Amino acid sequence: MCIRDRYKAWSSIVRLLIPNMDSIEHSLKEFCSICDFDEVVIFEKSTFLIIASYDNKPKKDVSKYERLSNIVKQFKLSCNRLGTEINGISVKNSQFTTVIQEFTENTYIMIVVSDPNIQMAAIDMNIGCAREFFKRNSKSEMENLLFNWGKDK
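Computed from a predicted structure; not experimentally measured.

In this structure, Phe 31, Phe 37, Val 40, Ile 109, Ile 111 and Ile 123 are the most contacted members of the largest nonpolar core, which totals 22 residues. Secondary structure elements with two or more residues in this core: α2 (21-35), β1 (39-44), β2 (50-55), β4 (97-104), β5 (107-113) and α4 (120-147). Ranked by the residues each element gives to this core, the list is headed by α2, at 6 residues. Filtering out sequence-adjacent residues up to four positions away, Val 40 remains in contact with Leu 28, Phe 31, Cys 32, Ala 52, Ser 53, Tyr 54, Ile 109, Met 110 and Ile 111. Phe 43, Phe 48, Met 110 and Val 112 belong to the second-largest nonpolar core, a separate cluster that totals 12 residues.

Right, here's the structure in full:
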């Protein structure tokens, strides 16, 4: 099994462990649409495996997340060697802006925007709003699991 296949396999396993994946993916689609983002991806924090994603402009490059994961993990290792932690990465050029930030205690979020009129401050604000939305909804999801466990049996 090649490395690319292992990355996809582990990402699939991570996705299976999350009980409300349909709701998360729907929320990402809405978030992407409302904010006029091209792409939103949520990664697991320590392994940088994909948890959920939505892409308004699907591309044929199936290995881009694996490559991105490897780049970010190498950058994190470099930061750790220097005694610092990574809080986020921003890349902006004439074609797109990409932002990777801590999203929750266990995740990072990546936003890709091709509209040059969308400012970094707007991206940061929207990530903050989405963070609160996901925290609130994941807490409700956990409360539902805890308080309704076994009631339907």
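Turning our attention to the sheet that holds β2. Spatially, β2-β1-β5-β4-β3 is the arrangement adopted by the 5 strands of the open sheet, whose pairing is antiparallel. With one partner strand each, in any of the chains shown, β2 and β3 (88-92) form the two edges of the open sheet. Shown here is a sheet whose adjacent strand axes are inclined to one another by a mean of 15°, direction ignored. Bridge count between β3 and β4: 5 bridges; the pairing is antiparallel. Looking at β4, one finds that Lys 92 is bridged to Thr 97. Running over the sheet, helix α3 (residues 64-81) touches β1, β2, β3, β4 and β5 and is turned about 55° from β1.

Okay, the side chain of Asn 126 next. By secondary structure assignment, the location of Asn 126 is in helix α4. Discounting chain neighbours no more than four positions away, the residues touching Asn 126 are Phe 31, Cys 35 and Phe 37.

Let us look at unusual backbone geometry. The phi torsion of most residues other than glycine is negative, and most of the peptide bonds are trans. Phi at Asp 36 takes a positive value of approximately 60°, unusual for a residue other than glycine. Overall, the relative accessible area of 45% leaves Asp 36 in the partly exposed class.

Criteria and cut-off values
- Residues numbered from 1 in each chain as written.
- Predicted model: local features only at pLDDT ≥ 70, side-chain atom pairs only at ≥ 80, totals over all residues.
- Heavy atoms only, no water.
- Core = buried A, V, L, I, M, F, W, Y, C linked by side-chain atoms within 4.5 Å.
- Buried < 20%, exposed > 50% of the residue type's maximum accessible area, 1.4 Å probe, protein only.
- Helix = DSSP H or I, 4+ residues; strand = E, 2+ residues; numbered from the N terminus.
- Contact = heavy atoms within 4.5 Å.
- Pairing = 2+ DSSP bridges.
- Axes fitted to C-alpha atoms, helices over the stretch in contact; angles between N-to-C directions.

Functional significance is not addressed by these values, which are geometric in nature.
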